[in-house]
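What follows is each chain in one-letter form.
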Amino acid sequence: MKKLSLGKYGILLLVLISACKFNGNRVLPILGERSTVTRVVDGKTSIDTIYKTIPAFKYINQYGDSISNKNLDGNIYVADFFFTTCPSICPVMARNMLNVYNTYKSAGDVKILSYTIDPQHDSVPILKKYADKLNVAGNMWWFLQGHKDQTYLLGKSYLVSIAEKNPAGEYIHDGYFILVDKQKRIRGMYMGTKAEEVAKLIEDIKYLKAEYDTPAAK
Amino acid sequence: MKFKIILFLGLVMLAIISACQSESQLEFARYYSAGSLVYQTKCQNCHGKNGEGLLSMIPPLTDTAYLKNNRKMLACLVLNGLRGKYVLVGKPFEGNMPPSGLNQVDIANVLTFVGNSFGNKMGTISIEEVGNNLSNCK
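Residues numbered from 1 in each chain as written. Chains lettered and ligands numbered in written order. Predicted model: local features only at pLDDT ≥ 70, side-chain atom pairs only at ≥ 80, totals over all residues. Heavy atoms only, no water.

J.: Mind showing me how you'd approach the overall build of chain A here?
T.: Scanning chain A from terminus to terminus reveals five helices and 13 strands. Counting only residues that meet the buried cut, chain A has 44% of its 218 residues in that class. Considering only residue pairs separated by 6 or more positions, chain A has 68% of its internal contacts joining residues 24 or more positions apart. Carbon and sulfur atoms provide 58% of the accessible area of chain A, an area that totals close to 11800 Å². (Helix = DSSP H or I, 4+ residues; strand = E, 2+ residues; numbered from the N terminus. Buried < 20%, exposed > 50% of the residue type's maximum accessible area, 1.4 Å probe, protein only. Contact = heavy atoms within 4.5 Å. Areas by Shrake-Rupley, 256 points an atom, 1.4 Å probe, with all protein chains shown as cover.)

In structure tokens:
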């Protein structure tokens, strides 16, 4: 018994130590593919890491406004993929995303993007109705409609998988919430159907915001 | 160690108590516990852990009067789903609940669970009752 609990403490300690500190805050990892470039400046060789970022996109939101990646400049955002008629995981995802919404709706530099993967059905008025049913107003949480092919491709950049309708008429998609920083790099992925993971997302947004509040960050 | 003894005694007491339960109470407990599992896998995503629903999107299962007054319709509703507009707990809902694909036994289980959770007190909704009501689905 004693040995076991010692082991447990050991692991706990390890976890605590490995969560690296940054001004007393946790620094979130940068996810996704990366590449390096070697540069020679003033005779000195330096190696830079280039992180993959979310590519440009163009969608329409629930108000009928055109939204592109430009509208997100200066914002941290959380993205997910859904469709309004999704019977299985979407209500849970919506319930959990509402916690993110309610926590950060007045933050000013945090947004939520929910891309529909069924644009044929999910027109602007239907998205507006969906937002209304969730009491979502204003411009913090956008429900986005665009070309299906574009959305499937974009899904890949967000590291999630989306597939065509199955015979039961459902789209199979994993319910990840993806946290993107102001440089459009992926900083975290959280299972949107799990309240604990979404609680962690809400916590992590705080750390990510703090990165931009310190003078050291660019 | 002490904890284990207490746990053991507790279990023994539980066993004694449940042995003293009447047959109908036992039957209720069987329906209810099986129903709670059905609820978790088939309903909870939408209606929520505590039957709270989801804002104006999904109605709560806490409208005791509604459930009581519509007792005869519930089996058909769970089997075939529900689509349309109506007012519940003073709030308008317009949604779409998909057919559940549940069999008669699981419908009885889940209705007994829902009918006796979240403030509802409807007693056992038996397989026979569900069978009767299902034969009257519109």
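Additional details are given in the paragraphs that follow.
J.: Could you clarify how one ought to interpret the nonpolar core in this entry?
T.: Across soluble globular proteins, nonpolar side chains have a tendency to be buried as a group. Membership of the largest hydrophobic core comes to 58 residues, with the highest contact counts inside it found for Phe57, Val100, Tyr115, Leu134, Trp141 and Tyr158 of chain A. In terms of residue count, the dominant contributor to this core is helix H2 (residues 90-104) of chain A (eight residues). Ignoring any residue separated from it by four or fewer positions in sequence, one finds tyrosine 115 of chain A in contact with Phe57, Tyr59, Ala79, Asp80, Phe81, Phe82, Leu144, Thr151, Leu154 and Tyr158 of chain A. Membership of the second largest hydrophobic core comes to 23 residues, among which are Cys43, Cys76, Val78 and Phe113 of chain B. (Core = buried A, V, L, I, M, F, W, Y, C linked by side-chain atoms within 4.5 Å.)

J.: Hey, could you run me through the packing of aromatic side chains in this one?
T.: Overall, the coordinates contain 17 aromatic pairs over all chains when judged by the stated rule. An angle of 70 degrees between the planes, with centres 5.0 Å apart, marks the rings of tyrosine 59 of chain A and tyrosine 115 of chain A as edge-to-face. One end of the pair, tyrosine 59 of chain A, is in strand S5 (residues 58-60); the other, tyrosine 115 of chain A, is in strand S8 (residues 110-116), with 56 residues separating them in the sequence. The buried category is assigned to tyrosine 59 of chain A, whose relative accessible area is 1%. By relative accessible area, tyrosine 115 of chain A is classed as buried at 0%. Ring geometry for tyrosine 39 of chain B and phenylalanine 113 of chain B: centres 5.4 Å apart, planes at 45 degrees, overall tilted. Taken together, the residues tyrosine 39 of chain B in helix H2 (residues 23-42) and phenylalanine 113 of chain B in helix H6 (residues 104-114) connect sequence positions 74 residues apart. Accessibility expressed as a relative area gives 1% for tyrosine 39 of chain B, which makes it buried. By the ring-pair criterion, three or more aromatic residues cluster together here, those being Phe57, Tyr59, Tyr77, Phe81, Tyr115 and Tyr158 of chain A. It is lysine 111 of chain A that lies over the ring of tryptophan 142 of chain A; its NZ or CZ is 4.6 Å from the centre. (Phe/Tyr/Trp six-rings, centres within 6.5 Å; stacked < 30°, edge-to-face > 60°. Lys NZ or Arg CZ within 6 Å of the ring centre and 35° of its normal.)

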